[in-house]
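# Structure assessment
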Amino acid sequence: MLIRKNISLDDKYLKKLQPLLDANNGNLSAAVRDTIEVADTALLYHKSIDEAIRFLKETPAKEELNETIQNGENIVINKTMLEWLFRCTKGRITDEELVNELINPFEIQDMKQLEDYLNRVSRSYQWVIQTSIKCEDINNPESALVLISNSTVHSRDFFAQLVAHFLSKWKHLDVEHVFRRSNSTQISFKRNTSISSSEIMPGIRKHFGYLDVLCKELDDNTEFWTQLMYTYNAERFNLVTLHRSQFEVFATGEVPNPTKILERLCKQSICDMTLPDLLVNFRKMYLATQLVKNIEISLETGNESVTIFHDFKDERVIRNLVKYFSNIFRENGSPFETFSYSSMIVFRFFQEQEPDSSDLYLMESMEEP
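Residues numbered from 1 in each chain as written. Predicted model: local features only at pLDDT ≥ 70, side-chain atom pairs only at ≥ 80, totals over all residues. Heavy atoms only, no water.

## A few points about unusual backbone geometry
This is how the line gets drawn: Here a strand is any run of E in DSSP of at least two residues, a helix any run of H or I of at least four, and the numbering for each starts at the N terminus. Accessibility here uses a 1.4 Å probe with only protein chains present; expressed as a share of the type maximum, an area under 20% marks a residue as buried, one over 50% as exposed, and anything in between as partly exposed.
A positive phi angle is found at Gln126, which is not glycine, with a value near 65 degrees. Secondary-structure assignment places Gln126 in the loop between α6 (111-124) and β1 (130-134). According to the relative accessible area criterion, Gln126 is partly exposed, its value standing at 35%. For Arg236, which is not glycine, the phi torsion reads 55 degrees and is therefore positive.

Structural data, given as structure tokens:
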């Protein structure tokens, strides 16, 4: 039985029907019947039309991935194992060869194409990562905001590092901030032309490569560092790290000057540091040396202070420790006063006050005959 009904179709749907219209010599009824057959078959194997459409979109990517697995370009890996690898390599810089392997610069002309390329790569490798890029100028951005959604935080961090490396080489963009949420990672970039393309951007090293120097040193001197860590652990970290030259001076009973060592580590002269920066660097360095138990600092303007906690009993040792640390603060030029207690040393800093005009007048009057 033939039933005639009137249907309304937008132009976009007619364009989608065009291949079926061509196959049926322009017969719209035949094209609609073919469409119904396709939809009916899809619903036999899928719960909804949306699920069927999603399956059909992913099928070419799956077939392409299967081909790369068969020719040896890719391998199948357990998801839990992959997540473990991402987690255990966190904080290490990715090799440039790997970045170029996954992000081909010859296929990308601007930031919009980069976004499309990253999403296409994610689909082709069956990752669930979605990338969104926002910037004012897609050709030569001064800044950019990259949002990486879905997947796990370790997978997103690995993917974000690849993107950061690519943008640093391609557009001289460095990582400014990284915001990690439960289901997304947001990275803000800013142009940095002071670093050559052959160097690692400081933002990348800070946010993604903070363990790189440590891991390389462990790989190069495994036996030494393994024994050192074992010794520290066995002694419950009751060991002190001092430069050889300073130990020699201490061994003679004198007090060495540690300013040069601190300057080399900070790559800046102590005289050029602001007092808050000096206090922060001081705390980092001497907590790492284990020379003292703890260090607390106050950075309140006008009331800066350092409180050093120790467990030394000999008064001579405590006096030498006060002299030792005083050399650093004296080099900075900030006036301070020192208080020493049984297990605590306090440095309090103050601003030098110039006498006002009334004081000067009083002094002059007193000096007259």
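## Focus: the side chain of Ser124
Tracing the backbone shows Ser124 in helix α6. Judged by relative accessible area, Ser124 falls into the buried class, the value being 17%.

## Observations concerning the pairing of strand β8 (residues 344-349)
Put simply, the rule is: Note: two strands are recorded as paired if DSSP finds a minimum of 2 bridges between them.
Examined bridge by bridge, strand β6 (residues 305-309) and β8 share 5 bridges and lie antiparallel to one another. Paired with Phe309 across the strands is Met344, a residue of β8.

## A closer look at the state of the cysteines
Defined as follows: Put simply, a disulfide is two cysteine sulfurs that come within 2.5 Å.
This model, assessed by the stated rule, comprises 0 disulfides. The thiol of Cys88 is unpaired, and the distance to the nearest cysteine sulfur, on Cys215, comes to 11 Å. Its relative accessible area of 42% is what places Cys88 among the partly exposed residues. Among the cysteines around Cys266, which has no disulfide bond, Cys271 carries the closest sulfur, lying 13 Å off.

## A few points about the layout of surface pockets
In plain terms, the rule: Space inside and on the surface of the protein is sampled on a 1 Å grid over the protein atoms alone, with a cavity defined as a set of points where a 1.4 Å probe fits but cannot get out and a pocket as an open set with protein on both sides within 12 Å along at least 5 of 7 lines; lining residues have an atom within 4 Å of a point. Grid points are joined across faces, edges and corners, and a volume is the space filled by probe spheres set on the points. For this classification, Asp, Glu, Lys and Arg are treated as charged, while Ala, Val, Leu, Ile, Met, Phe, Trp, Tyr, Cys and Pro are nonpolar and the rest, including Gly, are polar.
One number sums up the size of the largest pocket: a volume of about 1000 Å³. Taken together, 28 residues make up the lining of the largest pocket; nearest its centre are Ile77, Leu82, Phe86, Tyr125 and Trp127. Within the residue set of the lining of the largest pocket, elements represented by two or more residues are α3 (49-70), α4 (79-88), α5 (96-102) and α7 (153-171). With 5 residues, the single largest contributor to the lining of the largest pocket is α4. Of the residues belonging to the lining of the largest pocket, the class tally is 16 nonpolar, 7 polar and 5 charged.

## Structural notes on the domain arrangement of the protein
Our working rule: Segmentation of the chain into domains, including their bounds, is taken from an automatic or database domain assignment.
Domain assignment breaks the protein into domain 1 (13-68), domain 2 (79-211) and domain 3 (240-349). The centre of domain 1, based on its C-alpha atoms, is set 35 Å off from the matching centre of domain 2.

## With respect to the nonpolar core
The following threshold applies: In plain words, nonpolar cores are sets of buried Ala, Val, Leu, Ile, Met, Phe, Trp, Tyr and Cys residues tied together by side-chain atoms within 4.5 Å. Throughout, a contact is declared for two residues whenever any of their heavy atoms are within 4.5 Å.
Among the nonpolar cores identified, the biggest contains 33 residues, and Ile103, Leu114, Leu167, Val175 and Phe189 are the most heavily contacted of them. Counting residues per element, the ones that place at least two in this core are α5, α6, β2 (143-149), α7, β3 (173-180) and β4 (184-191). Looking at this core, the element that brings in the most residues is α7, giving 8 residues. For Leu114, the residues in contact, after removing those within four places along its chain, are Ile103, Ile108, Ile133, Phe166, Leu167 and Trp170. Counting residues in hydrophobic clusters, the runner-up holds 26 residues, among them Phe282, Met285, Val306 and Phe349.

## Considering the pattern of salt bridges
The condition that has to hold: What counts as a salt bridge is simple: a side-chain nitrogen of Lys or Arg found within 4 Å of a carboxyl oxygen of Asp or Glu.
The full count for this structure, using the stated rule, is 13 salt bridges. For Lys15, the salt bridge is made with Asp11, and the minimal N-O distance between the two is 3.5 Å. One end of the pair, Lys15, and the other, Asp11, are both in helix α1 (residues 11-23), 4 residues apart, so they sit about a helical turn from each other. A salt bridge links Asp116 to Lys112; its shortest N-O distance comes to 3.9 Å. Residue Asp116 and its partner Lys112 are both found in helix α6; the two are separated by 4 residues, about one turn of the helix.

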